[in-house]
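# Structural overview
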Amino acid sequence: MFKRINSSALAVVGAAAIAVLPSISAAQQSLTVASWGGAYTNSQVEAYHKPYTAKTGTKITSVDWGGTLGEISAQVKSGNVKWDVVDLEAAEALKGCEEGLLEKIDASKLPPGADGVPAAKDFIPGMILPCAIGVIVYSNVVAFDKAKYGANGPKVLEDFFNVAKFPGKRGLKKDPSVTLEWALLADGVAVGDVYKVLGTPAGVDRAFKKLDTIKSSIVWWTAGAQPPQLLASGEVVMTHTWHGRIVDANVKEKKDFALVWDGQVQIPDLYAIIKGTKNLEAAQDFVRFASSSQPLADQAKYIPYAPTRNSSLALIPASNPNRAYLPNAGHPGRSMSTNSQFWMENGDDLNKKFSAWLAK
Amino acid sequence: MDSTASLTQRLRKAERRGQMRAYALIAPLFIFVLLSFLLPLGTVLFNSLYDPVVPQGLPRTAQALAQWNGPRDQIPPEPVYAALAQDLKEAVQAQSHGAIANRLNIEESGLRTIFMRAARRVSAQEEGPWAPFFEAADPAWAQPGIWGTIRNLASPTHSLFYLSALDSKRNQDGSVGPQPEDQRIHVTIYLRTLGVAFTVTLMCILLGFPLAYLLAHLRDKTANLLLILVLLPFWTSLLVRTTAWMVMLQKEGVLNSFLQFLHVISEPLNLVHNRFGVVVAMTHILLPFMVLPMYSVMRQIPVSYVRAARSLGAGPFTAFIRVYLPQCIPGLGAGALLVFILALGYYITPALLGGSTDQMISYFVADNMGRSLNWGLASALAAILLGAVLLLYAVYDRLVGANNLKLG
């Protein structure tokens, strides 16, 4: 709250300064970047924003948003674009591109990796989209409080769905993505078949049937900061979480939360530029800078999310304690990546069904 | 004669000047109401009826379909396919095909893929015949169903959003019928919204009436002090009060710990993420809206009336029911109406303290705005809620009389 007041006050002061001193305004550019808040935004401020401001003098303001395209659509349709760059997920990036809410990104202008490999080959597959460039890969995992369970905590994804063995409430993000994948994985569908099964009406029914078995035990969360709080307050015995939030809570708040890596669903976050921004060139320059090798590697200092460039992975020193928590650090159990194309095509239908299922 | 006429004229002039001054004085208020209330409200109503995506994106197709105007169980002739091909080419050029596909998909699940498949191929082909081209892209194009959906959407103004908000839809054959079973939720949600608002109003009356009575019958000094205690939470942010209830009611929260400490319960109770938490918090938040109008009305009821009733032989109960209560009705009515209408639109409290089956209609308005980008449906849901409130007010006016309202 205070941060927001500060930033809007800054914006007012900034706007006044620009109005009064038109000669300086050309040099004093500023960008507004919308991201998910908390430890994640903080890691971006440290690894992208500060070095970029130091290099170019462009001021960067951070705002939090909820990741739904409606917020972007409202700005574009009203012709009052307030943000320049947004951090979003791949399904939203694809849909936003199709709906004409995001600027196209010229992939040929992305800088090569620190080791000289061209960008097209340096990025891991699926990170260069028509309107967005991947910056990190995070993982959706189950977390629990070790203080409660000791050595007898949940070990596999099936335990999340086993209310008899692990009684108590579970936290889940109020979103069909990850929720439906997990239901199928826990119901015995192989990692490689999840989207094939989910693409059929029978598969969707199967997922919801599995979810029915724990429906009354679910506490639904909507913001990434909630899972650590739900665990800490004892409201839930285990929860779906973005893995970085839990590692952050363990470090900063001295919690003893543990992660179940089995069944992890990896999802990329991408940077995109909002259509109609007045600072298009600066925004493009910033996105190119942020998605280059060194800033991506630096980000791992602040949060254990994996960089999207192979060359960045090589730049993370072995001494960095976050290395062990990167989603691809060789964790035990099943691991899968989200299928953004699938979610773009079926997201609306599945969301409708999910809303109706929730409300019943 | 002459002087009378000029006097009338001057009088009229002065009157007009006075009127102009009065208008000038209310102009800021008028502009404020126009910009902050009527304009957004108008936009919502407009959005719920106006939907130009398909007629603007596929203008030739809409026209060709209207010209053909064949029965709904037949597929259209070649010129319609050709018109669609032309429209599609332009849409791909203008990058508007995604928005059209999403609009079709809102009406009928699965149309998005079918439409995009044709859009992806259309630029590669120069000349017709187009019917076989579309059929090769997806066999659904050779079925009448998809054409029915396009015809339903071909006019820029339609009632599809309202149908959808009431769990109905216009079928591909043009008839109106219910939504598929697994997508019928809105009527349930409206009833739930009314139910929660009704429960909260009832709780507020039960708690607020004795409180207002007490306040109205205490000495001024004590009453003022207690009134501040009522108003203090009223001045606190809604979000703060909601999260405070979360702290109070959660598993290891204040209330559960206290009850466990007293050995009243052995296992913590589920007090939050269910209907109980929602009703408790909403009652607390809305209570001042009930107490304040009742308090101001009760203060003005002369004590002598009840005394007179008692001295004429009425028992305390009869005196209360027949003499005191009827005089409280204006305050009670105003408070109840205020609480009920405010409760109908609650969003953040059910979102934080409720479970998935405690969400009210505003949650679905927000969901359609933000996630599904279905602003038309969101507008229709909001407009129906507004209609319900106006209806309620009209019923109140009939039963109690709106002139009787006393807000403080």
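Residues numbered from 1 in each chain as written. Chains lettered and ligands numbered in written order. Predicted model: local features only at pLDDT ≥ 70, side-chain atom pairs only at ≥ 80, totals over all residues. Heavy atoms only, no water.

On to the overall build of chain A. The helix and strand inventory of chain A stands at 17 helices and 11 strands. What you see for chain A is a C-alpha radius of gyration of 21 Å, in line with the 21 Å of a compact globule of 360 residues. Projecting the C-alpha coordinates of chain A onto the three principal axes gives extents of approximately 70 × 45 × 45 Å. A separation of at least 24 residues holds for 73% of the contacts in chain A among residues at least 6 apart in sequence. For chain A, the computed accessible surface area is about 14,700 Å², with 57% contributed by carbon and sulfur atoms. Distance from the positive charge centre (38 side chains) to the negative charge centre (34 side chains) of chain A: 3 Å. (Helix = DSSP H or I, 4+ residues; strand = E, 2+ residues; numbered from the N terminus. Rg over C-alpha atoms; globule rule 2.2 N^0.38 Å. Contact = heavy atoms within 4.5 Å. Areas by Shrake-Rupley, 256 points an atom, 1.4 Å probe, with all protein chains shown as cover. Lys, Arg positive; Asp, Glu negative; His and termini not counted. Charge placed at Lys NZ, Arg CZ, Asp CG, Glu CD.)

Here we take up the layout of surface pockets. Volume-wise, the second largest pocket comes out at about 790 Å³. Residue lining of the second largest pocket: 29 residues in total, with Lys-77 and Glu-99 of chain A together with Asp-51, Pro-52 and Val-53 of chain B positioned closest to the centre. For the lining of the second largest pocket, the element with the most residues is helix 5 (residues 97-107) of chain B, which contributes five residues. Class assignment for the residues of the lining of the second largest pocket results in 12 nonpolar, 11 polar and six charged. (1 Å grid on protein atoms, 1.4 Å probe; cavity = no way out; pocket = protein on both sides within 12 Å on 5 of 7 lines; lining within 4 Å. Points joined across faces, edges and corners; volume = space filled by probe spheres on them. Nonpolar A, V, L, I, M, F, W, Y, C, P; charged D, E, K, R; others polar.)

Turning our eyes to something else, we now look at the pairing of strand 2 (residues 59-64) of chain A. Residues and elements named next belong to chain A. Here strand 1 (residues 30-35) pairs with strand 2 via six bridges, running parallel. Its bridge partner being in strand 2, Ser-30 is matched across the sheet by Lys-59. You can see the chain leave strand 1, run along helix 3 (residues 38-56) and come back into strand 2, and the turn it takes is right-handed. (Pairing = 2+ DSSP bridges. Right-handed = clockwise from strand over helix to strand, strands pointing away.)

Let's shift gears to the pattern of salt bridges. Overall, the coordinates contain 24 salt bridges over all chains when judged by the stated rule. A salt bridge links Glu-108 of chain B to Lys-169 of chain B, with the nearest nitrogen and oxygen atoms 3.1 Å apart. With Glu-108 of chain B in the loop between helix 5 and helix 6 (111-122) and Lys-169 of chain B in strand 1 (residues 168-170), this pair connects stretches of sequence that are 61 residues apart. For the pair Glu-108 of chain B and Lys-169 of chain B, one class covers both residues: buried. Measuring nitrogen to oxygen at the nearest pair gives 2.6 Å for the salt bridge that ties Asp-138 of chain B to Arg-117 of chain B. Of this pair, Asp-138 of chain B sits in the loop between helix 7 (130-137) and helix 8 (144-153) while Arg-117 of chain B is found in helix 6, placing the two residues 21 residues apart along the sequence. Overall, Asp-138 of chain B belongs to the buried group, its relative accessible area being 8%. Bridged by salt links that share partners, the residues Lys-173 and Asp-175 of chain A together with Asp-367 and Arg-371 of chain B form one connected network. (Salt bridge = Lys/Arg side-chain N within 4 Å of Asp/Glu carboxyl O. Buried < 20%, exposed > 50% of the residue type's maximum accessible area, 1.4 Å probe, protein only.)

We now examine the packing of aromatic side chains. Residues and elements named next belong to chain A. By the definition in use, this model includes 34 aromatic pairs over all chains. Judged by centre distance (5.7 Å) and plane angle (65°), the ring pair of Phe-160 and Trp-182 falls under edge-to-face. Taken as a pair, Phe-160 in helix 8 (residues 157-160) and Trp-182 in helix 9 (residues 176-186) lie far apart in primary sequence, 22 residues in all. Judged by centre distance (5.5 Å) and plane angle (40°), the rings of Phe-208 and Trp-357 are tilted. Of the two residues, Phe-208 sits in helix 11 (residues 201-212) while Trp-357 sits in helix 17 (residues 340-359), which places them 149 residues apart along the sequence. (Phe/Tyr/Trp six-rings, centres within 6.5 Å; stacked < 30°, edge-to-face > 60°.)

Residue and element names in this part refer to chain B. Unlike most non-glycine residues, Asn-69 shows phi in positive territory, near 50°. Along the chain, the position of Asn-69 falls in the loop between helix 3 (59-68) and helix 4 (78-94). The exposure class assigned to Asn-69 is exposed, which follows from its relative accessible area of 55%. Even without being a glycine, Leu-373 presents a positive backbone phi close to 55°. Take Leu-373: it is sitting in the loop between helix 18 (361-370) and helix 19 (375-399). Assessed through its relative accessible area of 14%, Leu-373 is described here as buried.

What follows concerns the environment of Ser-337 of chain A. Residue and element names in this part refer to chain A. Structurally, Ser-337 can be placed in strand 11 (residues 335-337). Residues Ser-337 and Gln-266 lie 71 residues apart in sequence; the distance between their C-alpha atoms is 4.5 Å. Non-local contacts of Ser-337, meaning those with residues more than four positions away in its chain, are made with Tyr-195 and Gln-266.

Let's shift gears to helix 9 of chain A. Residues and elements named next belong to chain A. Of all the 11 residues making up helix 9, 11 are buried; the element is thus mostly covered by neighbouring parts of the structure. Listed in full, the buried residues belonging to helix 9 are Pro-176, Ser-177, Val-178, Thr-179, Leu-180, Glu-181, Trp-182, Ala-183, Leu-184, Leu-185 and Ala-186. Looking one or two residues beyond helix 9, the residue adopting positive phi is Gly-188, at roughly 100°.

These figures come from the coordinates and say nothing about function on their own.
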